[in-house]
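# Analysis of the macromolecular model
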Amino acid sequence: MSDLTKKLLGLAPPPEQAGAPAPAGQPVEVVDLSGAAGVGLHDAVLSGWFQNSTNEVFRGIPIGPGDSVVDVGCGDGGASMFCARRGAHVTVVDIDPQVIAAIESRLAEGCPGGHASHVSNGNPLPLANAVANRVLCTEVLEHVDDPRQLLSELVRIGKPGALYLLTVPGALQENLQKHVAPSSYFQKPNHVRIIERSEFADMVTHAGLIIEEHTQYGFFWSIWWALFWACEVDLGKPSHPALDHWTESWRAILALPQGTQLKQQLDQFMPKSQVIVARKP
């Protein structure tokens, strides 16, 4: 996974800091939730991510002790940590050894259900058949040479009845980025394809999974990224009046009486990401 992608995935703070405390006995990391990271996390929670009250990593996918979670392309590990702190056994997989080293240290501090890690490009996954009842693969399929091959591996490692959380970038916003992002954004090891909504669903069903929900979220980030490229600021500290004004505008929009409804409409029009929740028969 590229540095650009790692930074992109790392913009949002770990999801366990969305407002509810970590489970008893587990350390609580202190993360600055101001600015785009805070607004983006709030926006994600409104879309169904990181539901502390129901322990769902995304709505429809509850996590608890006894669950075996495999997170392929784990990135900064936010979803993995959400699952780990709810007592699940978590296996993280990423192509980047530095990513794995970083998430390993976090899992070692607070993973009562145990954990494992692998450096792998997913072709094949270094896991046995039917080892997981929760499989996560978010913002990965657009990077790989053969997404159908990776999906077949994801299905192979899932137990019968396993739940899957799969995401890819929204096609419309990806075409927007083509006009403003540097050419490297659409070159290896970054995005090598744009996946249309119908194509995404076809990939998942062709792999043998049953789609439970196909939704979308992240209009906020679609616009933020388009502005980011124009502002030419450091992604490690992305402060610029244009970005700051957009972030505060979105915060104000969400605070409107009809803000959530407007968010849903705009998310449907130009989402940053498509989301599929699926089940293995």
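A few points on the structure. Worth saying up front: this structure is predicted, and the values here are computed from it rather than measured. Sequence order as written defines residue numbering, which begins from 1 separately in each chain. Given that this is a predicted model, residues contribute local features only at a pLDDT of at least 70 and side-chain atom pairs are listed and counted only at 80 or more, while totals for whole chains, interfaces and linings are drawn from all residues. To obtain the side-chain values, all non-hydrogen atoms of the structure were used and water was disregarded.

## Observations concerning helix α2 (residues 35–46)
If you check α2, its first and last C-alpha atoms are 17 Å apart, about what 12 residues at 1.5 Å a residue would give, namely 16 Å. Three exposure classes are used, based on accessible area relative to the maximum for each residue type with a 1.4 Å probe and protein chains only: buried under 20%, partly exposed in between, and exposed over 50%. Helix numbers and strand numbers start at the N terminus; a helix is a DSSP run of H or I with at least 4 residues, a strand a run of E with at least 2. Here α2 has its buried residues at A36, A37, G38, V39, G40, L41, D43 and A44. A contact between two residues is defined here by any heavy atoms of the two lying within 4.5 Å. Looking at the buried residues of α2, the elements they touch are β1 (49–51), α8 (219–231), α9 (241–255) and α10 (259–269). The positive-phi residue at the C-terminal boundary of α2 is G48, with phi of around 115°. Expected span of a helix, by definition, is 1.5 Å for each gap between consecutive residues, and there is one gap fewer than residues.

## Describing the side chain of S273
Take S273: it is sitting in strand β10 (residues 273–279). According to the relative accessible area criterion, S273 is buried, its value standing at 2%. At 3.1 Å, the side chain of S273 and the side chain of E139 are in polar contact. Each residue touching S273, except ones within four places of it in the same chain, is listed here: E139, V168, P169, G170, T215, Q216 and Y217. Within 3.5 Å is the distance limit for a polar contact, defined as a pair of N or O atoms, with the added protein rule that one can donate a hydrogen and the other accept it, and that residues adjacent in sequence qualify only through two side-chain atoms.

## A closer look at the pairing of strand β7 (residues 132–138)
Within β7, 7 of the 7 residues are buried, which leaves it mostly tucked inside the rest of the structure. Bridging between β7 and strand β8 (residues 158–169) involves 6 bridges; their strand directions are parallel. Among the inter-strand pairings, R134 is bridged to a residue of β8, identified as L163. With helix α5 (residues 147–157) bridging β7 and its parallel neighbour β8, the resulting β-α-β unit is right-handed. By this definition, two strands are paired if DSSP reports at least two bridges between them. When the strands point away from the viewer, a crossover counts as right-handed if the route from the first strand across the helix to the second turns clockwise.

## Focus on the environment of P281
Along the chain, P281 turns up in the segment after β10. Assessed through its relative accessible area of 56%, P281 is described here as exposed. Leave out the neighbours within four places in its chain, and P281 touches P160, G161, G208 and I210.

## Quick look at helix α6 (residues 171–180)
Those residues of α6 that sit buried are A171, Q173, E174 and Q177. In an axial view of α6, the angular spread of the buried residues amounts to 160°, which keeps them on one side of the axis. Packed against the buried residues of α6 are β8, α8 and β10. Each direction from the helix axis to a C-beta atom contributes to the arc, which is the arc of those directions.

## Things to note about the nonpolar core
Nonpolar core, defined: a set of buried Ala, Val, Leu, Ile, Met, Phe, Trp, Tyr and Cys residues in which side-chain atoms within 4.5 Å join the residues together. Grouped together as the largest cluster of nonpolar side chains are 28 residues, with contacts concentrated most on W49, V57, C83 and L165. Within the residue set of this core, elements represented by two or more residues are α2, β1, β2 (56–58), α3 (78–84), β5 (89–94), α4 (97–109) and β10. Counting residues per element, this core draws most heavily on α3, which supplies 5 residues. Beyond its immediate stretch of four places on either side in the chain, L165 contacts W49, V57, F58, I61, V135, L136, C137, T138, V275, I276 and V277. Ranked by size, the runner-up nonpolar core spans 27 residues in total, among them V140, L150, I157 and Y164.

## Comments concerning the sheet that holds strand β3 (residues 61–62)
Backbone-to-backbone hydrogen bonds join strands into a sheet, with any given pair of strands oriented parallel or antiparallel. The strand order β1-β2-β3 describes an open sheet built from 3 strands, whose pairing is antiparallel. The open sheet has two edge strands with one neighbour each: β1 and β3. As paired strands, β1 and β2 are joined by 2 bridges and run antiparallel to one another. Note that in β2 the partner of Q51 across the bridge is E56.

## A closer look at the packing of α8 against α9
Lines fitted to C-alpha atoms define the axes, with helix axes restricted to the stretch in contact, and inter-axis angles between N-to-C directions lie between 0 and 180 degrees. Two elements in contact, α8 and α9, have axes whose closest approach is 9 Å; the angle formed by their N-to-C orientations is 170°. Overall, the two elements α8 and α9 adopt an arrangement that is roughly antiparallel. α8 and α9 meet at a crossing whose hand is right-handed. Across the interface between the two elements, F219, F220, I223, W224, L227, F228 and C231 of α8 pack against A242, L243, W246, T247 and W250 of α9. Classifying every residue of the contact of α8 with α9 by side-chain character gives 11 nonpolar, 1 polar and no charged. An angle counts as roughly parallel when it lies under 35 degrees, as roughly antiparallel when it exceeds 145, as roughly perpendicular when it falls between 65 and 115, and as oblique in every other case. Helix crossings get a hand from a simple test, with the near helix turned counterclockwise from the far one by less than a right angle marking a left-handed crossing and a clockwise turn marking a right-handed one. Residue classes follow a fixed rule: Ala, Val, Leu, Ile, Met, Phe, Trp, Tyr, Cys and Pro count as nonpolar, while Asp, Glu, Lys and Arg count as charged, and any other residue, Gly among them, counts as polar.

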